[in-house]
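Chain by chain, the residues:
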Amino acid sequence: MTLLDTPRKHGDASDGGAIGARLSRLDGKLKITGAATYALEQPVDGLAYAVLVPATIGAGRVARIDVAAAKAAPGVRLILTPDDDLGLQPATDWNNVRASDGPYVPLPRDIAYNGQPVALVVADSLEQATEAARRLAIAYEEGPVTPGLDSPNAGEGSPLDQLSVAWGDAEAALAAAPVRVEAEYHTPREYHAAMEPHGLIARWEGDRLTVWEPSQWTHSMARSYAEWFGLPPENVRLVSPFVGGGFGSKGFSYGFGAIAAAAARRLGRPVKLAVTRPQNFAAYGGRAATRQSLALGATEDGVLQAIVLRGASETSTVGTWVEQVGAATPLMYAVPNFSARQRLVAVNTVTPGALRAPGKTPSAFAIESAIDELACAVGADPLEIRLRNYAEEDPQARKPWSTRRMREALAEGAEAFGWARRSREPRSMRDGHQLIGWGLATGTFPVIRNYGEALVRILADGSAEVVTGATDIGQGTYTILAQTAAEALGIPFERIDVRLGDSALPGAPVAGGSKLAGVMTGAVQKAAIAARDELIALALNDPNSPFRDTGANTLILADGRISAPRGDGPVVSVGELLGRIGRERIEVRRDTLPDHLQTPEGRFRAWTTMTTVQGPTAGDYSMHSWCAHFVEVRVDEDFGTIRVARMVSAFDCGRLYNPKLAESQWKGGIIMGIGMALLEEGLVDSRNGRVINNNLGDYLLPTNADVPDIRVIDVGIPDPHASALGGKGVGEVGIVGVAPAIANAVFHATGRRVRRLPITLDALV
Amino acid sequence: MKAFTYQRAGSAEDAARLAAHPGAMLLAGGTTLLDLAKCGVAEPDMLVDIGHISGLDAIAVDAGGATIGALAKMSAVADHAGMRAAFPAVAESLSQAASAQLRNMATIGGNLLQRTRCPYFRDPAAFPACNKRDPGSGCAAIGGVTRNHAVLGTSEACIATYPGDLAVALVAFDAAVRLGGRTIAVEEFFLVPGDTPAREHAIGPGEMITAVAIPASPAARRSTFLKVRDRQSYEFAAASAAVGLELGPDGRTIRDLRVALGGVATVPWRCRAVEDALKGTLLEPESVRAASRLAVEGAVAQADNAHKIDLAPRLVARAILSLGGLA
Ligand SMILES: Cc1cc2nc3c(=O)[nH]c(=O)nc-3n(C[C@H](O)[C@H](O)[C@H](O)COP(=O)(O)OP(=O)(O)OC[C@H]3O[C@@H](n4cnc5c(N)ncnc54)[C@H](O)[C@@H]3O)c2cc1C
Ligand code: SF4
């Protein structure tokens, strides 16, 4: 019996096998007891400690750094400044493009943003390095600062024509539409604020470099280090067995890593660099601020005739990051005329980056707020208007959905929430001083596919190992890969050991884009089935096997034991069989690469760039995860304070490999969405571009007290087009749509439409 | 990190003597001090650890009032049954402050002396201008992001908010700070910035807080602490109000009223104008709301904090009315 001919539901324990079971995380106990070793906790002998020194101006250049006093401080070993030539070469980016215009300079003299590294100080202790860093005398020549997207001097930016989407004649249809809603929506800079800050330990042994650094993508990050230092790829090993949250920030190597590794090479001594919490707000970028002007045209019944989106997002003056504000807009509703355009505005910030559901999240804020505004304009229920405009196929790609259980999500979410009892009028529900509002919004995240590689070993003691360089950033890779192997091998879950997070191990894509589970369960399943088949072939054919003379032509492997299908022969444990036939192990390495990538170049490209990724409409279908969020808020009528009182969210993410972990991902996304809606905003001083709330006391994330009872409901069914096992991706979709659901609920509670996130009390006082 | 010496004080006298050294700072729970050392604001030459002095963490409540040792933990005072009965506003001000972890570390003395959360004060490398840190250097906050800055008690030199909650409750109930042999009213202990924002309290060199004393009163017994902020816990106040109410035998006439504001002023802000306007009058929503507006008399808004001027009177009114059973 193989996995594929096993009848499956989508994830409750009645499925029977290991896949779909509600198992707790394999790494959970290690983390809770402190036994999991994070990057900066690796015991490495002879460490020197580095401190990064950030710029305190928003733009300009470093005129001079006087290092004399710092050099004289006790314990100081090395100081790197823009005066030092680090001798680095550019690294290849995720599009497989490698810059050729000169060296890579992670400590440039020109300052593009406040917080940009201008020096690194290395000493025998962290305290000594910190003190010496304080003694650097840095003279700047300040230039004019463009602090943010909405600053008067930011300008219009440049058009991103490749992102323009249009069908029909949207402007004309909008002008002719009997009902129009038009508004501008804003989202601020937001930060990953992972519990584990960034940092690394770099150790050289000759021309071999080992880097312990939290990673969502060990192979690609190792490649960057190799290219910076002109090394063959196999000379760099990047190790990251446990990661304290990444949310998109830990997929790439950054300048601080190059500087620290260069220092280690110069010193001939391993160097540890801990990026401090305040520095985590500028050492790499968070979510870019966005602005969207969105117009919906509809009939008097609220049937959409046109959508026109004009968006803008910020990037840095030295790099390009596009926060795609039209990512969700064309997918959500059937509309005959559509036009979306986006501009990119360069400001003095660190280059922004991917943060949980990039693009989709700000995009959904605008379209899902606007559709609520339309519902109000035509006097329709917000749920009903979504059904009236239901997209039966992908309106942009004109392809059928692989699966889209949005109707079910809306229906089951509404039922569980009690939506039918909602009174239509704003300010019509209250409890004492608390104005009560019920809001709804939906979300989406694309199915992204890629390839992976895994090694499966069946060992002499009857246990098995799964080995791959993929990472577990807290989402459950260890656990679901053990489940996959257990089911394919017929060896109990408890007897599967999983090794992850090391670029020396088999290839894997980034733990990002909600695709790793789908990709890696496929690779592990393939390798495990091959290992199982090899074991069965040996059992049938080896002269010393007890099955050799049974006449069986296949065998069953279940619960760690091998037997004949009719149950009349011997029953032998896997370990015993390996002993009898004199094998120490069975080891199989498999990948899911197509033929055209089965070359050294193809494999390297697949594991280290995004160029082998297939988007949601690459095949005959349009494939996405979907969700619907129902929210109750309570707003104090005098104080403007908003509390999320309860939430029900229904999800279609295809098959769930482990519902407990999937629900945890959904809830995590929802909680992040509560932060986005009500709390999170990087506050920038307009005079020098400094993020002034660069710590966890002032950059507000939801606390337990801010998180209500959240009920999540699974309405998915296996999607055979999306992945080998039928899952669509659970990691990011949860955040998408939470902010507009809350904003819509705030409107329902107060009658005030807030189109600028976060919605803080001063907007409602 | 600048090197410093560490001394453990065995007694309050010992601590006071050591604290007289130039560059010496007292270390209690360390939750403010370590933070400020990390961001380069506090640079002590000597740390005098008072955390091991015995007998300074007592909490005593009797008919006359409460005496709280300077080393009592925030959590211990917040949970103290006698405090909760006789001074609910004080206990509530502490249970709504900081986080559980911080409350278990932090002391009452340290809490009173916590420094402002003005982000410009806490980032000397990027913002050299700060009169509180470096007298005469200017004020980087003015013209910057001022959402959490003060609207009351400000000066041209400094607009930083006093961030603590406990002191707001203390000032409402006429509490006093004991500095060894000397006692000073909380209301006089905290100093508005004026031209000298670096001088924040009336504590002299070689002095330390040994205790806080709060006289019992019917208003303190019927009191509450209302704190408003965007995040439901673990955030400083956007505005807070400590209010105590004593009604006459008719149950309607306001015999005594105490009102103080937090989160909106440079020091814990006693609102005597509100008290005076309402004492002796009948408790009625309309008059309470009107009088509560007196709480922000003279307020001056910065670019981002005008909402505090609207917010504060609403807190006062809500607190008074809810104590009176009318909200
Ligand atoms: C993230 C965060 C959030 C917070 N939120 C809140 C909040 O919402 N509300 C609130 O009220 N507070 C809040 N706080 C502040 C917290 O309550 C204070 O840090 C704490 O009370 C200080 O007490 P401590 O014993 O740790 O003081 P320490 O850090 O040890 O000392 C603080 C200062 O007082 C001096 N000192 C200490 N004891 C004495 C004494 N007996 N005599 C003379 N001087 C002394 C020290 O020299 C130092 O200057 C927060 C703090 C943080 C870090
Ligand atoms: S408000 Fe006060 S503390 Fe803040 S920068 Fe100005 S002077 Fe310094």
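About the criteria used
- Residues numbered from 1 in each chain as written.
- Chains lettered and ligands numbered in written order.
- Predicted model: local features only at pLDDT ≥ 70, side-chain atom pairs only at ≥ 80, totals over all residues.
- Heavy atoms only, no water.
- Contact = heavy atoms within 4.5 Å.
- Salt bridge = Lys/Arg side-chain N within 4 Å of Asp/Glu carboxyl O.
- Helix = DSSP H or I, 4+ residues; strand = E, 2+ residues; numbered from the N terminus.
- Nonpolar A, V, L, I, M, F, W, Y, C, P; charged D, E, K, R; others polar.
- Near = heavy atom within 4 Å.
- Polar contact = N/O pair within 3.5 Å; in protein donor to acceptor, adjacent residues only side chain to side chain.
- Areas by Shrake-Rupley, 256 points an atom, 1.4 Å probe, with all protein chains shown as cover.
- Buried < 20%, exposed > 50% of the residue type's maximum accessible area, 1.4 Å probe, protein only.
- Pairing = 2+ DSSP bridges.
- Domains from an automatic or database assignment.
- Buried area = accessible area lost by both parts, 1.4 Å probe.
- UniProt positions renumbered as here; feature names shortened; annotations may be inferred.
- Core = buried A, V, L, I, M, F, W, Y, C linked by side-chain atoms within 4.5 Å.
- Axes fitted to C-alpha atoms, helices over the stretch in contact; angles between N-to-C directions.

**A short note on the interface of chain A and chain B**
Phase 1 of the analysis: Tallying the contact residues gives 33 residues for chain A and 33 residues for chain B.
Phase 2 of the analysis: Inspection of the region where chain A meets chain B yields 6 salt bridges.
Phase 3 of the analysis: Between Arg318(B) and Asp638(A) there is a salt bridge, and its shortest N-O distance comes to 2.9 Å.
Phase 4 of the analysis: Top contributing element to the side of chain A that touches chain B by residue count: helix H3 (residues 126–134) of chain A, with 4 residues.
Phase 5 of the analysis: Looking at the side of chain A that touches chain B residue by residue, the class counts come to 11 nonpolar, 9 polar and 13 charged.

**Quick word on the site of ligand 1**
All names here are of chain B.
Phase 1 of the analysis: As a structural note, the neighbourhood of ligand 1 is formed by 31 residues, with Leu26, Gly30, Thr31, Thr32 and Thr107 the closest of them.
Phase 2 of the analysis: Between an oxygen atom of ligand 1 and a main-chain N or O atom of Gly30, the distance comes to 2.7 Å.
Phase 3 of the analysis: For ligand 1, an oxygen atom lies 2.8 Å from a polar atom in the backbone of Leu33.
Phase 4 of the analysis: For ligand 1, the protein covers 94% of the area, taking 980 Å² as the surface of the free molecule.

**With respect to the pattern of salt bridges**
Phase 1 of the analysis: For the structure on display, the rule yields 68 salt bridges over all chains.
Phase 2 of the analysis: We note a salt bridge from Glu384(A) to Arg388(A), for which the minimum N-O separation is 3.1 Å. Here the residue Glu384(A) and the residue Arg388(A) both occupy positions in helix H8 (residues 382–388), the gap between them amounting to 4 residues, near one helical turn.
Phase 3 of the analysis: On the accessibility criterion, Arg388(A) (34% relative accessible area) is partly exposed.
Phase 4 of the analysis: For Arg272(B), the salt bridge is made with Glu187(B), and the minimal N-O distance between the two is 2.5 Å. Remark: Glu187(B) occurs in helix H9 (residues 186–189) and Arg272(B) occurs in helix H11 (residues 272–278); sequence separation between them is 85 residues.
Phase 5 of the analysis: Judged by its relative accessible area of 36%, Arg272(B) falls in the partly exposed class.
Phase 6 of the analysis: Judged by relative accessible area, which is 36%, Glu187(B) ranks as partly exposed.
Phase 7 of the analysis: Several salt bridges share partner residues, and in doing so they unite Asp174(B), Asp256(B), Arg258(B), Arg270(B) and Glu275(B) into one network.

**Here we look at the pairing of strand E11 (residues 208–212) of chain A**
Residues and elements named next belong to chain A.
Phase 1 of the analysis: Within E11, 4 of the 5 residues are buried, which leaves the element mostly enclosed by the surrounding structure.
Phase 2 of the analysis: Of the strand pairs in this sheet, strand E10 (residues 199–205) and E11 are connected by 5 bridges, and their pairing is antiparallel. By the bridge assignment, Ile201 is partnered in E11 with Trp212.
Phase 3 of the analysis: Connecting the antiparallel pair E10 and E11 is a turn made up of 2 residues, with Gly206 showing a positive phi of about 65 degrees.
Phase 4 of the analysis: As defined by bridge partners, E11 adjoins strand E12 (residues 236–239) across 4 bridges and the pair is classed as parallel.

**Considerations on the site of ligand 2**
Phase 1 of the analysis: Taken together, 13 residues form the shell around ligand 2, and within it Cys118(B), Cys130(B), Cys139(B), Cys158(B) and Ile159(B) come nearest.
Phase 2 of the analysis: The class makeup of the residues in the shell around ligand 2 is 11 nonpolar, 1 polar and 1 charged.

**A closer look at the domain arrangement of chain B**
All names here are of chain B.
Phase 1 of the analysis: The domain boundaries assigned to chain B delineate domain 1 (5–49) and domain 2 (59–112 + 163–323).
Phase 2 of the analysis: On a C-alpha basis, the centroid separation for the pair domain 1 and domain 2 is 27 Å.
Phase 3 of the analysis: Between domain 1 and domain 2, the residue contacts involve 9 residues of the former and 8 residues of the latter.
Phase 4 of the analysis: The interface formed by domain 1 and domain 2 includes 0 salt bridges.
Phase 5 of the analysis: Linking domain 1 with domain 2 are 0 residue pairs in polar contact (both at pLDDT 80 or more).
Phase 6 of the analysis: When residues in the side of domain 1 that touches domain 2 are grouped by element, the largest group, 4 residues, is from helix H1 (residues 12–19).
Phase 7 of the analysis: For the side of domain 1 that touches domain 2, the residue count by class is 7 nonpolar, 2 polar and no charged.

**Overview of the domain arrangement of chain A**
Residue and element names in this part refer to chain A.
Phase 1 of the analysis: Structurally, chain A comprises domain 1 (28–36 + 449–608), domain 2 (41–144 + 199–274) and domain 3 (290–447 + 616–763).
Phase 2 of the analysis: Inter-centroid distance (C-alpha atoms) of domain 1 to domain 3 is 38 Å.
Phase 3 of the analysis: Across the boundary between the two partners, domain 1 contributes 16 residues, which contact 19 residues of domain 3.
Phase 4 of the analysis: Approximately 1,200 Å² of surface area, both sides summed, lies buried where domain 1 meets domain 3, with 54% of it carried by carbon and sulfur atoms.

**Quick look at the UniProt feature "domain: FAD-binding PCMH-type" (unreviewed entry) in chain B**
Phase 1 of the analysis: Here, UniProt's "domain: FAD-binding PCMH-type" (unreviewed entry) annotation points to residues 1–219 of chain B.
Phase 2 of the analysis: A distance of 48 Å separates the end C-alpha atoms of residues 1–219 of chain B, which is 26% helix and 16% strand.

**Section: the nonpolar core**
All names here are of chain A.
Phase 1 of the analysis: Of all hydrophobic cores here, the largest spans 94 residues; its most connected members are Leu296, Leu374, Phe630, Val633 and Ile742.
Phase 2 of the analysis: For this core, the element with the most residues is helix H7 (residues 360–378), which contributes 9 residues.
Phase 3 of the analysis: If near-sequence neighbours (up to four positions away) are discounted, Ile742 is found in contact with Val631, Val633, Val644, Ile674, Ala677 and Leu678.
Phase 4 of the analysis: Counting residues in hydrophobic clusters, the runner-up holds 51 residues, among them Ala454, Val519, Ala530 and Leu538.

**Remarks on the environment of Arg237(A)**
Residue and element names in this part refer to chain A.
Phase 1 of the analysis: Summarising the element assignment, Arg237 is placed in strand E12.
Phase 2 of the analysis: What makes Arg237 partly exposed here is its relative accessible area of 37%.
Phase 3 of the analysis: Considered as a pair, Arg237 and Asp559 are 322 residues apart in the sequence and their alpha carbons are 36 Å apart.
Phase 4 of the analysis: Filtering out sequence-adjacent residues up to four positions away, Arg237 remains in contact with Leu209, Thr210, Val211, Asp502, Ser503 and Ala504.

**Some thoughts on the sheet that holds E11(A)**
Residues and elements named next belong to chain A.
Phase 1 of the analysis: Strand order in the open sheet formed by 7 strands is E3-E5-E1-E13-E10-E11-E12, and the pairing between neighbours is mixed. At either margin of the open sheet sits one strand with a lone partner, and together these are strand E3 (76–80) and E12. Recorded for the sheet is a direction-independent mean angle of 20 degrees between the axes of neighbouring strands.
Phase 2 of the analysis: Relative to strand E5 (residues 117–123), E3 runs antiparallel, the two being bridged by 4 bridges. Bridging from a neighbouring strand, Leu80 pairs with Leu120 of E5.
Phase 3 of the analysis: Helix H6 (residues 255–267) contacts strand E1 (48–54), E3, E5, E10, E11 and strand E13 (271–274) of the sheet and is inclined by roughly 35 degrees relative to E10.

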